[in-house]
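Descriptive structure summary
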Amino acid sequence: MNMDFRSLARTIAETLADHVDRALDGAGPVLPAHDPDALAAAWADPFPATGEGPAAITELVDAVLTHSNRLHHPGYVGHQVAVPIPAAALVEASNALLNNGMAVYEMGQLQTVMERRVVEWMAGRLGWDADSKTGPAPDGVLTHGGSAGNLTALLAMRQAAAGHDVWTDGHREPLSILVSEEAHYCIDRAVRIMGWGARGAIPVRTDDRRRLDRAGLDAALSAARADGRRVIGVVASSCSTAIGSFDPIDIVADFCEEHGLRLHVDGAHGATWALSRRHRGRVAGIERADSVVWDLHKMMGLPTLSTAVLFRDGRQSSEAFAQEASYLFDGDGDGPPWWDIGHRTLECSKRSMSVTAYVMLRALGTDYFSEHVDRLADRTIEFAAMIRETADFEAAHDPDANILCFRHRPGGLAKGEALDEHQRRLRRTVVESGAFYLVQTGLDGETWLRVTIMNPATTREDLARLLDALRSAAPQITGA
Ligand SMILES: *Cc1c(COP(=O)(O)O)cnc(C)c1O
């Protein structure tokens, strides 16, 4: 079959450019809402034995665009996923075409060097000095997502702190980490994957702003020890998922130093605040962490998935998966050389995500990313102020990050199931209208609306319209 790649490439590039233009202009629904069963029934055709040809490609790419959640639409204020910088998608296409899987140097030579440069830059922005005379240079790897990244960092923590070679010999005693009750669920999952069971991740009670504090850490450590668990470290969240609260890293780091514990910062969403000019204080002390996970597909505007796992002592980057696979690596007994990075990730082959990050950092400059995080953070603070000025909405918290939970409470409607159901219905109505995409979340058993402002195209006016849209969805529902 003749698939004219050049003409397809032109057609698809035009289609994508049109999609972005129209989405940015606010055309069409943000989310064309479909019932899953109806959608599955509409797409039940069997695959043909004889291909439909290039027309199927353009048609189906169109169909996917039509049915997708339009993240570039200014009304997209939903999940914590980057609104990709459009040019980054073109770099991704070139990565896909080359398919240099990076498991070994020869399967991604420049890609590997670019990964090193990206990782060095990120480590530097955390405040880790590559020329430090006080210790070994930082290092790290890119991996597919924060969940894989946190598992990698915790495996390295275990290997560094267990006091014996757990990778080879298995566990000798029940190990635990302390982790905020607000932490992302992937931390608990990573702990269970490591075989530490349900009591491996000990939840630490947070303060009234859902952040770790000294009292909670002290109590959790005592309880863990009384329970016969050996605690080896603490995971701090930068920031938490539900409301985007940043744990005070300096306080956690002091606690860790006092008790000889290791500190991992889950900065999947919020490590990008290290680039901020106006809000860097949120991650003050992050340079004291032993390891940090930092997603590029959240606040750095790159396509999913793309995550850095960074280690202050770079040697730990080789300890997470301390196994030898000599047929893959050019080892000489001293551990694999820096360019064999496959031994440091969960994956064997991986996408060359380094290229996209490297190219965008060169093309846009590092200031762009500082400005990006500040813009989104400032807009969220403005939105919270806007909500305070209304009589019928209330915010659950002051925003630390670009996440805000709030609810509609007309006439001071009493808390309870009716108020919760009111939020769910408002959300459904507004999402089905296509004007906005926002989500909902549970906080202390109550239902709240939740926005994450990810799109630099979302303006103050868009957010004012969101409140109007929610408000005008209300009367039809409550009959008020
Ligand atoms: C998003 C997120 C994760 C999970 O990362 P993925 O890249 O989605 O796997 C973990 N921790 C935090 C704090 C997050 O925000």
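As a reminder, the structure under discussion sits directly above these lines.
Okay, so let's go over this structure.

Analysis parameters
- Every chain begins its residue count from 1, and numbering advances along the sequence as written.
- Residue-level local features of this predicted model are given only where pLDDT is at least 70; pairs of side-chain atoms are given and counted only at 80 or more, and the full residue set underlies all totals for whole chains, interfaces and linings.
- Side-chain measures were taken over the full set of non-hydrogen atoms in the model, leaving aside hydrogen atoms and water.
- Here a residue counts as near a molecule or strand whenever at least one of its heavy atoms sits within 4 Å of it.
- Two N or O atoms form a polar contact when they lie within 3.5 Å of each other; inside protein one atom must be a possible hydrogen donor and the other a possible acceptor, and for residues adjacent in sequence the pair counts only when both atoms belong to side chains.
- Using a 1.4 Å probe, the Shrake-Rupley method yields the accessible areas, and only the shown protein chains count as cover for residues.
- Cavity means a closed set of points on a 1 Å grid over the protein atoms alone, one where a 1.4 Å probe fits but cannot get out, pocket means an open set with protein on both sides within 12 Å along at least 5 of 7 lines, and lining means a residue has an atom within 4 Å of a point.
- A molecule is counted as occupying a cavity or pocket when more than half of its atoms fall within 2 Å of that pocket's grid points.
- Counting from the N terminus, the helices are the DSSP runs of H or I reaching at least four residues and the strands are the DSSP runs of E reaching at least two.
- Classification convention: Asp, Glu, Lys, Arg as charged; Ala, Val, Leu, Ile, Met, Phe, Trp, Tyr, Cys, Pro as nonpolar; all other residues, Gly among them, as polar.
- For every residue, the accessible area obtained with a 1.4 Å probe (protein chains only) is divided by the maximum for its type, and the residue is called buried under 20%, exposed over 50%, and partly exposed between those limits.
- In this description, strands pair whenever DSSP reports at least two bridges between them.
- A contact between two residues is defined here by any heavy atoms of the two lying within 4.5 Å.
- Where helices are involved, their axes are fitted lines through C-alpha atoms of the stretch in contact, as for all axes, and angles between N-to-C directions lie from 0 to 180°.
- Left-handed describes a crossing in which the near helix is turned anticlockwise from the far one by less than a right angle; the clockwise case is right-handed.
- Grid points are joined across faces, edges and corners, and a volume is the space filled by probe spheres set on the points.

What follows concerns the site of the ligand. Inspection of the region around the ligand gives 14 residues, with Gly 146, Ser 147, Asp 266, His 297 and Lys 298 positioned closest. Here an oxygen atom of the ligand sits 2.7 Å away from a polar atom, N or O, in the main chain of Gly 146. A distance of 2.9 Å separates an oxygen atom of the ligand from a polar atom in the side chain of His 297. Bound to the protein, the ligand loses 87% of the 390 Å² it would expose on its own. More than half of the atoms of the ligand fall within 2 Å of the grid points belonging to the second largest pocket. Top contributing element to the shell around the ligand by residue count: helix 6 (residues 146-161), with three residues. Among the residues making up the shell around the ligand, the classes are represented as three nonpolar, eight polar and three charged.

With that settled, the discussion passes to the pairing of strand 11 (residues 446-452). Counting buried positions along strand 11 gives six out of seven residues, so the element sits mostly inside the fold. In terms of strand pairing, strand 9 (residues 403-408) meets strand 11 through four bridges, oriented antiparallel. Bridged to Leu 404 within strand 11 is Val 451.

Glancing now at the side chain of Thr 152. With respect to the secondary-structure elements, Thr 152 resides in helix 6. Take Thr 152: its relative accessible area is 2%, and that puts it in the buried class. Apart from the residues within four sequence positions on either side, Thr 152 is in contact with Val 309, Phe 311, Ala 320, Phe 321 and Arg 344.

So, on to the packing of helix 9 (residues 214-226) against helix 10 (residues 249-259). Look at helix 9 against helix 10: their axes get within 10 Å of each other, and the N-to-C directions meet at 35°. The element helix 9 and its partner helix 10 pack so that their crossing is right-handed. Facing helix 9, whose interface residues are Arg 214, Leu 217, Asp 218, Leu 221 and Arg 225, helix 10 presents Ile 251, Val 252, Phe 255, Glu 258 and His 259. Class assignment of the residues belonging to the contact of helix 9 with helix 10 gives a composition of five nonpolar, one polar and four charged.

Okay, empty space enclosed by the protein next. Across all of its chains, the model carries two cavities of 30 Å³ or more by this definition. The wall of the largest cavity is formed by Thr 112, Glu 115, Arg 116, Val 119, Asp 139, Gly 140, Val 141, Trp 338, Ile 341 and Arg 344. Those elements giving two or more residues to the lining of the largest cavity turn out to be helix 5 (109-125) and strand 1 (139-143). Element by element, the count of residues in the lining of the largest cavity is highest for helix 5, at four residues. Broken down by class, the residue content of the lining of the largest cavity amounts to four nonpolar, two polar and four charged. As a volume, the second largest cavity reaches approximately 30 Å³. Lining the second largest cavity we find Ala 153, Ala 156, Met 157, Arg 262, Asp 290, Ser 291 and Gln 316. Taken together, the residues that form the lining of the second largest cavity break down as three nonpolar, two polar and two charged.

What follows concerns the sheet that holds strand 7 (residues 307-311). Taking strand neighbours across the sheet as the criterion, the seven strands line up as 1-7-6-5-4-2-3 in an open arrangement whose pairing is mixed. Taken across any chain shown, the strands that pair with only one partner, and hence form the sheet edges, are strand 1 and strand 3 (201-204). The average undirected angle you get between the axes of adjacent strands in this sheet is 20°. The sheet contact formed by strand 2 (residues 175-180) and strand 3 spans four bridges and is parallel. Looking at the pairing, Ile 177 lines up with Ala 201 of strand 3.

Before going further, it helps to examine the layout of surface pockets. Space inside the largest pocket adds up to approximately 930 Å³. Contributing to the lining of the largest pocket are 29 residues, with Leu 16, Pro 86, Ala 89, Leu 90 and Ala 93 lying nearest its centre. Put simply, the parts of the chain that give the lining of the largest pocket at least two residues each are helix 1 (5-24), helix 3 (54-67) and helix 4 (86-98). Of the residues assigned to the lining of the largest pocket, the class counts are 21 nonpolar, six polar and two charged. Size it by volume and the second largest pocket reaches roughly 360 Å³. Around the second largest pocket sit 20 residues that line it, and Gln 80, His 184, Thr 241, Asp 295 and Lys 298 are the ones nearest its centre. At three residues, the largest contribution of residues to the lining of the second largest pocket is made by helix 6. Classifying every residue of the lining of the second largest pocket by side-chain character gives six nonpolar, ten polar and four charged.

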